[in-house]
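For reference, the chains in residue letters:
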Amino acid sequence: MRIVVTGGAGFIGSHLTDALINQGHKVVVIDNFITGSRKNLEHLKDSDHLMIVEHDITKPIYLAEKIDRIYHLASPASPIDYQKLPIQTLKVGALGTHNILGMAKNHNARILLASTSEVYGDPEEHPQKETYWGHVNPIGPRGCYDESKRFAEAIVVAYRDYHKVDTRIIRIFNTYGPRMRLNDGRVVPAFISQILHQHDITIFGDGSQTRSFCYVSDLVRGIMGVMEAGDQNPINLGNPSEITIKEFAEKVISITGSESKLVYQPLPVDDPQRRRPDITRAREIVGWEPKISLEEGLINTLKWAKENV
Ligand code: NAD
Ligand code: UDP
């Protein structure tokens, strides 16, 4: 198939591009490199299965050759990135998703939207099921990202119902692995980078807030599974194994044997207190289950980080 990956030069998008090319597909990456990098696709530079189009998808784009599938991942994703780029973040979820849905309609291509657990906000339901509508502050520091993705889901559903475009929606929970920018502010690269530089480890709040971390290869397998399965309603993808941020810091310290100390800083406004996906739908519809333990995933990520610090 000929497959478009928007945001294909980013962390998840570049791993997805690798997996699609490994399956023999031709991939067109559309990316403006605002938070991604050509370096993430450097190893594919001689592949005739990859074409890179440098373009900001908030502006229309027309591709001549027939497209069969579109994975729509373009968006700043880390809290530091989207708070630095609030207008670009809102525009890519709204105008960008609109343009890419237009592309799906023109090519009669199936499109998958990469949405997020952030649509649940600081959740009052735990673990989070897809039926939960969320608890989002639209005017808080996370509003630009959360509402951008909520709008994106709404316009995807509108194109599905009004234009009969074949759509998929996934809600990704915290995912980590090689190629995350070590300074993107997310907790996994932040702690790894602090340890590699022998700095203190910054815990925001008292560290009792929880997250559930999914290794990127597990996620990519899930994304491709959802695309080829028949269900058009949102599907959570993430690892249901939940851990507090303090326990997570201690785990990274014990794996690395680091002597870094924990230091406590104020909890950011609207930081979700608990997050864990209910993945019953992914299990039933796709037969998907994460396989990589946090230890194994962290060891792989640390190895990569050491080579790239
Ligand atoms: P990333 O920042 O590494 O990748 C995003 C990519 O989108 C970058 O290459 C960036 O340059 C590109 N992009 C942004 N705006 C664009 C625009 N206007 N036009 C073209 N390209 C643009 O982030 P990531 O972690 O790989 O996230 C990928 C997707 O998955 C995002 O949509 C994100 O919201 C979603 N997601 C990620 C996680 C996670 O834990 N990593 C969790 C939930 C959702
Ligand atoms: N966090 C932290 N120290 C850091 C970076 C993040 O304690 O140096 C916390 C953050 O407050 C949040 C969790 O780690 O509770 C996950 O943060 P991240 O930015 O990775 O993503 P989020 O899940 O909040 O979008």
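First things first, this report covers the structure right here in the doc. Since the model is a prediction, treat every value here as computed from it, not as a measurement.

## Looking at the site of ligand 2
Piece 1. By nearness alone, 18 residues border ligand 2, and Val187, Thr202, Arg211, Asp271 and Arg275 come closest of all.
Piece 2. Listing elements by their share of the shell around ligand 2, those giving two or more residues are helix H5 (187-196) and strand E8 (201-204).
Piece 3. Partitioning the shell around ligand 2 into residue classes produces 8 nonpolar, 4 polar and 6 charged.

## Points about the nonpolar core
Piece 1. One finds Leu16, Tyr71, Ile223, Leu237 and Phe248 to be the most contacted residues of the largest nonpolar core, which totals 57 residues.
Piece 2. For Leu16, the residues in contact, after removing those within four places along its chain, are Val5, Tyr71, Leu73, Val220, Ile223 and Met224.
Piece 3. Formed by 24 residues, the second largest nonpolar core is a distinct cluster that contains Ala74, Val92, Val156 and Tyr159.

## Details of the site of ligand 1
Piece 1. The local shell around ligand 1 holds 29 residues, among which Asp31, Thr35, Leu73, Tyr145 and Lys149 are the closest.
Piece 2. The backbone of Ser75 places a nitrogen or oxygen atom 3.4 Å from an oxygen atom of ligand 1.
Piece 3. A distance of 2.6 Å separates an oxygen atom of ligand 1 from a polar atom in the side chain of Tyr145.
Piece 4. Here ligand 1 has 820 Å² of accessible area as a free molecule, and 96% of this is covered by the chains.
Piece 5. Looking at the shell around ligand 1, the element that brings in the most residues is strand E5 (residues 110-116), giving 3 residues.
Piece 6. For the shell around ligand 1, a count of residues per class yields 14 nonpolar, 11 polar and 4 charged.

## Thoughts on the packing of aromatic side chains
Piece 1. Within the structure shown, the criterion is met by 7 aromatic pairs.
Piece 2. Of the aromatic side chains, those joined through ring pairs into one cluster are Tyr176, Phe191, Phe213, Tyr215 and Phe248.

## Section: the environment of Gln198
Piece 1. Examined against the element boundaries, Gln198 turns out to sit in the loop between H5 and E8.
Piece 2. In the structure, Gln198 is positioned 23 residues away from Arg221 in sequence and 34 Å away in space, judged by C-alpha atoms.

## So, the pattern of salt bridges
Piece 1. Under the counting rule described, the total for this entry stands at 26 salt bridges.
Piece 2. A salt bridge links Glu65 to Arg2; the nearest nitrogen and oxygen atoms lie 3.7 Å apart. A residue pair is termed long-range when its members are at least 10 positions apart, and Glu65 in the loop between strand E3 (50-54) and strand E4 (69-72) and Arg2 in strand E1 (residues 2-6) qualify at 63 residues.
Piece 3. When its relative accessible area of 16% is taken as the criterion, Arg2 is described as buried.

## A closer look at unusual backbone geometry
Piece 1. The omega angle of the peptide bond from His126 to Pro127 is -10°, so this bond is cis rather than trans.
Piece 2. Inspection of the secondary structure assignment puts Pro127 in the loop between E5 and helix H4 (143-163).
Piece 3. Of note in this structure, Phe33 is not a glycine but carries a positive phi near 65°.
Piece 4. You can see Phe33 is positioned in the loop between strand E2 (26-31) and E3.
Piece 5. The buried category is assigned to Phe33, whose relative accessible area is 17%.
Piece 6. Of note, Lys164 is a non-glycine position whose phi angle comes to about 60°, a positive value.
Piece 7. Looking at where Lys164 falls in the secondary structure, it is placed in the loop between H4 and strand E6 (167-172).

## A short note on the environment of Ser148
Piece 1. Examined against the element boundaries, Ser148 turns out to sit in helix H4.
Piece 2. Ser148 sits in the buried class, given a relative accessible area of 2%.
Piece 3. Residues Ser148 and Thr89, spaced 59 residues apart in sequence, show a C-alpha to C-alpha distance of 6.8 Å.
Piece 4. Those residues in contact with Ser148 that sit more than four places away from it in its chain are Thr89, Leu90, Gly93 and Gly143.

## Details of the sheet that holds E2
Piece 1. The 7 strands lie next to each other as E3-E2-E1-E4-E5-E6-E11, forming an open sheet whose pairing is parallel. The outermost strands of the open sheet, each flanked by one partner alone, are E3 and strand E11 (235-237). Strand-to-strand twist across the sheet, computed as the mean angle between neighbouring axes with direction ignored, equals 20°.
Piece 2. Pairing between E1 and E4: 4 bridges, direction parallel. In the strand pairing of E4, Val5 is matched with Tyr71.
Piece 3. Along the sheet, helix H3 (residues 86-107) makes contact with E1, E2, E4 and E5, crossing E4 at roughly 175°.

## Thoughts on the pairing of E6
Piece 1. Most of E6 sits inside the fold, with 6 of its 6 residues counted as buried.
Piece 2. Side chains Thr167, Ile169 and Arg171 of E6 all project onto a buried face; the interleaved residues Arg168, Ile170 and Ile172 project onto the opposite face, where all are buried too.
Piece 3. Across 6 bridges, the pairing between E5 and E6 is parallel. Opposite Thr116, over in E6, you have Ile172 as the bridge partner.
Piece 4. Traced from E5 through H4 to E6, the parallel crossover comes out right-handed.
Piece 5. Bridge count between E6 and E11: 3 bridges; the pairing is parallel.

What counts, and at which threshold
- Residues numbered from 1 in each chain as written.
- Chains lettered and ligands numbered in written order.
- Predicted model: local features only at pLDDT ≥ 70, side-chain atom pairs only at ≥ 80, totals over all residues.
- Heavy atoms only, no water.
- Near = heavy atom within 4 Å.
- Helix = DSSP H or I, 4+ residues; strand = E, 2+ residues; numbered from the N terminus.
- Nonpolar A, V, L, I, M, F, W, Y, C, P; charged D, E, K, R; others polar.
- Core = buried A, V, L, I, M, F, W, Y, C linked by side-chain atoms within 4.5 Å.
- Buried < 20%, exposed > 50% of the residue type's maximum accessible area, 1.4 Å probe, protein only.
- Contact = heavy atoms within 4.5 Å.
- Polar contact = N/O pair within 3.5 Å; in protein donor to acceptor, adjacent residues only side chain to side chain.
- Areas by Shrake-Rupley, 256 points an atom, 1.4 Å probe, with all protein chains shown as cover.
- Phe/Tyr/Trp six-rings, centres within 6.5 Å; stacked < 30°, edge-to-face > 60°.
- Salt bridge = Lys/Arg side-chain N within 4 Å of Asp/Glu carboxyl O.
- Pairing = 2+ DSSP bridges.
- Axes fitted to C-alpha atoms, helices over the stretch in contact; angles between N-to-C directions.
- Right-handed = clockwise from strand over helix to strand, strands pointing away.

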